[in-house]
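Descriptive analysis of the structure
So you can see what is in the structure, the chains are spelled out below.
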Amino acid sequence: QAKQAGRNTFRFFTPAMDARAQARSRLADELAGALEGEEFHLVFQPLVDLKTGEVTAAETLLRWHNRYLGVVSPEQFVPLAEELGLIRPIGEWLLMAACHEALRWQSLGLGDIGVAVNISPRQFQQGDILQIIERALSESGLEPRLLTIEITEGLLLTNSEEVIAKLESIRALGVTLSVDDFGTGYSSLSYLKTLPVDVLKIDRSFIADMLDNLDDATLVDAIIAMGHSMRLEVVAEGIETEDQLVYLAEHGCNSGQGYHFSPPLSPGRFRDFVLSRSSSNASSPSQVFDSC
Ligand code: C2E
Ligand code: MG
Ligand code: MG
Ligand code: MG
């Protein structure tokens, strides 16, 4: 068993403790009971093939709804969960739930819809992520090719042999590896060639500015071209407008995700989205560039 930093954390309170620390400590107390209290749920955001307009996959995004705190953003609670040693059980639950949902899409006949799950660098480096992924696949019965693990560029930059070996064993299961928020780190594109990854997901900050900022457009073009020369699939995140979609499609970007297609949806609404989308495509292939 890996050491779980922070598992035996304790806090003590003094009158001088400031409001921010108190708020954080409150957040931590509530977070500790959140999994058991079934306060987490998953939403799914469609990934669309930019050539055909079909939904090919969904990214699983975690939501925490607490009765006192309301809806808390993953950007706030994931780092805290990591510090408190809670990310492992949360991640385990999430992987299992995501695989089960993807299996359901298959049994409902929605087609080969893949599912992507975010794994933070700390989560990845904490112990037995490989076993957790293996178990989620075998217990759900989901085909490994339908699961994508999203890691960040920062993880690759640690350049540790241990990380690379782990990525290789995850990929050996048949799982797809995607580099999330790509372009925000400092990896040289050629360095990627040596890494066991399959997909580059261009960070939404570049997509947001590429039509007004020549530097961003140049970078997006370069990522697409280099990605393809390395046989990687290129995905754009944060597509919000038709113009962005057209630009990316014309420049050969493979798939996209963003509010232009759909925000993250509840499981039920995601299934409806796929159904409505595949029937409208069947009747009119020219609807590729329609928003939802
Ligand atoms: P991410 O993996 O880059 O996820 C994409 C984020 O962009 C999501 O925010 C999504 O709702 C948002 N987004 C999608 N389309 C658009 C768009 O068109 N415009 C804009 N402005 N935003 C868009 P969310 O769900 O708040 O997640 C934020 C981050 O939290 C994620 O970034 C990911 O790093 C992390 N996260 C979310 N769920 C999990 C999880 O289950 N595990 C871990 N480790 N991290 C997670
Ligand atoms: Mg992601
Ligand atoms: Mg992302
Ligand atoms: Mg992002």
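This text gives an overview of the structure that appears in the document.

What counts and how
Within any chain, residue numbers begin from 1 and follow the written order of that chain's sequence. Note on labels: chains are lettered from A, ligands numbered from 1, in written order. Two thresholds apply to this predicted model, a pLDDT of at least 70 for residue-level local features and 80 or more for giving and counting side-chain atom pairs, whereas whole-chain, interface and lining totals are computed over all residues. By convention in this description, side-chain values take in all heavy atoms of the structure and omit both hydrogens and water. For the purposes of this entry, the term helix denotes a DSSP run of H or I that reaches at least four residues, the term strand denotes a run of E that reaches at least two, and both are numbered from the N terminus. Helix span is expected to be 1.5 Å times the residue number reduced by one. Accessibility here uses a 1.4 Å probe with only protein chains present; expressed as a share of the type maximum, an area under 20% marks a residue as buried, one over 50% as exposed, and anything in between as partly exposed. Working note: the arc is built from the helix axis to C-beta atom directions. Should any heavy atoms of two residues lie within 4.5 Å, those residues are counted as being in contact. Note that water is not among the atoms used; donors are N, O and S atoms within 2.8 Å of the metal (3.2 Å for Na, K and Ca), so sites may look incomplete. A cutoff of 4 Å decides nearness: a residue is near a molecule or strand if any of its heavy atoms lies inside that distance of it. Distance and chemistry together define a polar contact, namely a pair of N or O atoms within 3.5 Å, with one atom able to donate a hydrogen and the other to accept it when in protein, and with adjacent residues in sequence counting only for side-chain atoms on both sides. For every accessible area listed, the method is Shrake-Rupley and the probe measures 1.4 Å; residues are considered covered only by the protein chains on display. Charged means Asp, Glu, Lys or Arg here, nonpolar means Ala, Val, Leu, Ile, Met, Phe, Trp, Tyr, Cys or Pro, and polar covers whatever is left, Gly included.

**Examining helix α7 (residues 161-172)**
- Between its terminal C-alpha atoms α7 stretches 16 Å, which fits the 16 Å expected from twelve residues at 1.5 Å a residue.
- By the burial criterion, the buried members of α7 are Val163, Ile164, Lys166, Leu167 and Ile170. Angularly, the buried residues of α7 cover 160 degrees about the axis, an arc narrow enough to put them on a single face. Every exposed residue of α7 that faces more than 90 degrees away from the buried side is listed here: Glu161, Glu162 and Ala172.
- Looking at the buried positions of α7, the neighbouring elements they touch are α4 (121-125), α5 (129-140), β5 (147-152), α6 (153-157) and β6 (176-182).

**A few points about the coordination of the magnesium ion (ligand 2)**
- Distances from the magnesium ion (ligand 2) to its protein donors, namely Glu59 (OE), Asn118 (OD1), Glu150 (OE) and Asp180 (OD), fall within the range 2.0 to 2.2 Å.
- The motif formed by the donor residues of the magnesium ion (ligand 2), counted along the single chain, is E-x58-N-x31-E-x29-D.
- A separation of 3.7 Å is found between the magnesium ion (ligand 2) and the magnesium ion (ligand 3), which are bridged by Asp180. Placement of the pair is Glu150 in strand β5 and Asp180 in strand β6, with a sequence separation of 30 residues.
- A residue is classified by how much of its surface remains accessible, and Asp180, at 7% relative accessible area, is buried.

**Considerations on the site of ligand 1**
- Arg63, Asp180, Arg204, Glu240 and Tyr259 are the nearest of the 23 residues found near ligand 1.
- Between Ser120 and ligand 1, the recorded distance is 3.5 Å, taken from a backbone N or O atom to a nitrogen atom.
- One nitrogen or oxygen atom from the side chain of Arg204 is found 2.6 Å from an oxygen atom belonging to ligand 1.
- Burial of ligand 1 by the protein amounts to 85% of the accessible area it has alone, namely 800 Å².
- Secondary-structure elements contributing two or more residues to the shell around ligand 1 are β2 (55-66), α2 (74-83) and β6.
- Taken together, the residues of the shell around ligand 1 sort by class into eight nonpolar, six polar and nine charged.

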